Amino acid sequence: MGQQKSERRFSTGHLLVRLLGLAFRYRRACVVVTVMHGVLVLLNVATLGLTGLGIDFLQSQALNGSAPRWPAGIAPPSGWSPLQVVLALSGAVLAGALASAVVKYAAAIASAALSQRVLLQLRTDIYARLQRLSFRFYDSGQSSSIINRAAGDANNVRAFLDGVLIRMLTVVLTLVLYFVYMLQVHVGLTLACLASTPLLWVGSVLFSRAVQPAYLRASELGDAMVRTLVENLQGMQVVKAFARTAEQAVKFQAANESIRSLKFSIFQRMSTFQPLMGLLTQLNMLSLIGYGGRLVIQGELSLGSGLFVFAGLLQDFAAQVPHITGFVNSFQISLASAGRVFEVLDEPE
C-alpha cells in the first residue's frame, strides 16, 4: 500500500474537491478569518489614502497651490489652521495603524484556533478509522507509512485551510480592492502598472505543475526513512547480534540523504521562482515612475493621493508575491498528503 496506490486512486481534481469539502465543514471560521483580513486591507488602503492626502495638503501650503480634493467632500472646518489639519490627519493615520494592529492580532488568534481544530479532528478521524480496519490493511502496509499519515500528512492537509485557501482568498481580495481603488484614481495608470499581472498567475500555474511530482516523491522517501528507523528500533537485538550496526547506519544515512537532495532541489526551484515573480512586480514600479511622473508634471495626477498611494499599493502588491509562492508550495504539499490521508479514511472496514 504505497504512494503509487494513492496516485492511481485520486486525481488532483478529486483531491481538491475533498479538501474544499473539508473547508466547508469549518466555513464559519474560514469566513470570519477571511473577513478580518479584508478589514486589514481596507485599513491599509485608508491609511495610505490619508497619508497621501496629507502630502497633498502640505504641498498646497508650501507652494500656495489649490487645496487638495477631500474624500467624499468631507473637508476640515474652514477656521482650522494648517497645523490643526496636519495633526488631525496624523491622528487619523495613527488610529488606523492601531486598529490594524488589533485586527491583525485577532486574525492571527482566529487562524491558529481554526488550524488546530482541523488538525485535532483529522487525527481523531484517522485514529478512529485505524481502529476499525482489518488485519489485511496492516499486513499489506508499513507501520511507518501509517504513522506518517496520522502525524505529518494530517498536519499538511490541515495547512490547506490556513496556508492555501484563506491565504489565497486574502490575496485575491487584496488585489481586487487595490485594483478598484486604483481605477478610481486613474484608469490608464492602473492598466499600465498592472500589465504584467497575468504573467504572475501563469507562472504560478506552470510552477505548480512542475513541482507536484517532487512533492509526491518526497512523501515516499519520508516513509522509507521512517520505515528504516522503525525496523532498526524493533529489531535492535538482531542488528547487534549479527554486528550489522554500521551497515544499517549507512542505510539510514542513504535514506536521509535522498530526502535532503530532493528537498534541496525543491528549494532551488522555489528560490528561482520567487525572485522572477518579484522582478515582474518591479516592472510595475518602472511604469509608475515613467507614466505616473509624467501625469504629475502635467497636473493630471496629484503627488500624494495619486503617485504616493499608487507606489504604496504597488509595493504591497509586490509583497503578495511571496504569499503566492507560499500557497503554491503549501498547495502541493497538501495535495501530496491528502491522497495518503483520504486513502486511510476511505479504506473499507
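We now turn to the structure provided with this report. Keep in mind that this is a model prediction, so the values were computed, not measured.

This next bit is on the overall build of the protein. Of regular secondary structure, the protein possesses 11 helices and 0 strands. Its helices and strands in sequence order give the protein the pattern α-α-α-α-α-α-α-α-α-α-α, from N to C terminus. Expected size for 349 residues packed as a compact globule is a radius of gyration near 20 Å; at 27 Å, the protein overshoots this value by more than 25%. Its C-alpha atoms give the protein principal-axis dimensions of about 90 × 35 × 35 Å.

Our focus in this paragraph is helix 8 (residues 197-234). Here helix 8 contains 38 residues, and its C-alpha end-to-end distance of 54 Å stays within 8% of the 56 Å for a straight helix at 1.5 Å per residue. Of all the bends in helix 8, the greatest reaches close to 35° and is centred on Val211; the proline Pro213 follows between one and four positions later.

Residues Met168, Val172, Val176, Phe179, Val180, Val187, Leu191 and Trp201 make up a contiguous nonpolar surface patch of roughly 640 Å² in combined accessible area. Going through the elements one at a time, helix 6 (143-185) and helix 7 (187-193) are the ones with two or more residues in the nonpolar patch. The biggest single contributor to the nonpolar patch is helix 6, with 5 residues. Note on Val187: relative accessible area 47%, which makes it partly exposed.

Overall, the coordinates contain 1 aromatic pair when judged by the stated rule. Look at Phe160 and Phe331: their rings are 6.5 Å apart centre to centre, the planes differ by 40°, and that puts the pair in the tilted class. Taken together, the residues Phe160 in helix 6 and Phe331 in helix 11 (residues 303-346) connect sequence positions 171 residues apart. Residue classification places Phe331 among the buried positions, given a relative accessible area of 18%.

A few words now on the environment of Phe179. Position of Phe179 among the secondary structure elements: in helix 6. The class for Phe179 is partly exposed, based on a relative accessible area of 32%. When the C-alpha positions of Phe179 and Thr245 are compared, they lie 63 Å apart, and in sequence the two are 66 residues distant. The residues contacting Phe179, other than those within four sequence positions of it, are Thr190 and Leu194.

Moving on, we get to the environment of Phe308. Within the secondary structure, Phe308 is located in helix 11. For the pair Phe308 and Gly52, spaced 256 residues apart in sequence, the C-alpha separation works out to 6.0 Å. Contact partners of Phe308, with chain neighbours within four places excluded, come to Leu48, Thr51, Gly52, Ile55 and Leu303.

Despite not being glycine, Ala243 shows a phi value in the positive range, around 55°. With respect to the element layout, Ala243 can be found in the loop between helix 9 (236-241) and helix 10 (245-297).

The next subject is the side chain of Asp153. Structurally, Asp153 is set in helix 6. Side-chain polar atoms of Asp153 contact the side chain of Ser337, separated by 3.0 Å. There is a polar contact of 2.6 Å between the side chain of Asp153 and the side chain of Arg340. Those residues in contact with Asp153 that sit more than four places away from it in its chain are Asn148, Ser337, Arg340 and Val341.

Within the structure shown, the criterion is met by 5 salt bridges. Notably, a salt bridge pairs Arg260 with Glu257, separated by 2.7 Å at the nearest N-O pair. Taken together, the residues Arg260 and Glu257, both in helix 10 and 3 residues apart, mark about one turn of the helix. Residue classification places Arg260 among the partly exposed positions, given a relative accessible area of 46%. The exposure class assigned to Glu257 is partly exposed, which follows from its relative accessible area of 31%.

Quick look at the packing of helix 8 against helix 10 now. One way to put it is that helix 8 packs onto helix 10 with a least axis distance of 9 Å and a crossing angle of 165°. Taken as axis vectors, helix 8 and helix 10 run roughly antiparallel relative to one another. Seen along the crossing, helix 8 lies across helix 10 with a hand that is left-handed.

Attention shifts here to the nonpolar core. A general tendency of soluble globular proteins is for nonpolar side chains to be buried together. Counting 38 residues, the largest nonpolar core has Leu189, Leu288, Leu313 and Leu314 as the members making the most contacts within it. At the level of elements, helix 3 (27-63), helix 6, helix 7, helix 8, helix 10 and helix 11 are the ones that each hand at least two residues to this core. At 10 residues, helix 10 tops the list of elements feeding residues into this core. Setting aside residues no more than four positions away along its own chain, Leu313 makes contact with Val45, Leu48, Tyr178, Tyr181 and Met182. Listed in part, the 31 residues of the second largest apolar core include Tyr26, Ala338, Val341 and Val344.

Procedures and definitions
- Residues numbered from 1 in each chain as written.
- Predicted model: local features only at pLDDT ≥ 70, side-chain atom pairs only at ≥ 80, totals over all residues.
- Heavy atoms only, no water.
- Helix = DSSP H or I, 4+ residues; strand = E, 2+ residues; numbered from the N terminus.
- Rg over C-alpha atoms; globule rule 2.2 N^0.38 Å.
- Expected span 1.5 Å × (residues − 1).
- Bend = angle between axes of the 7 residues up to and from the residue.
- Patch = residues over 30% accessible without salt bridge, like charges linked within 9 Å, V, L, I, M, F, W, Y side chains within 5 Å.
- Areas by Shrake-Rupley, 256 points an atom, 1.4 Å probe, with all protein chains shown as cover.
- Salt bridge = Lys/Arg side-chain N within 4 Å of Asp/Glu carboxyl O.
- Buried < 20%, exposed > 50% of the residue type's maximum accessible area, 1.4 Å probe, protein only.
- Phe/Tyr/Trp six-rings, centres within 6.5 Å; stacked < 30°, edge-to-face > 60°.
- Contact = heavy atoms within 4.5 Å.
- Polar contact = N/O pair within 3.5 Å; in protein donor to acceptor, adjacent residues only side chain to side chain.
- Axes fitted to C-alpha atoms, helices over the stretch in contact; angles between N-to-C directions.
- Parallel < 35°, antiparallel > 145°, perpendicular 65-115°, else oblique.
- Left-handed = near helix turned anticlockwise from the far one by under 90°.
- Core = buried A, V, L, I, M, F, W, Y, C linked by side-chain atoms within 4.5 Å.

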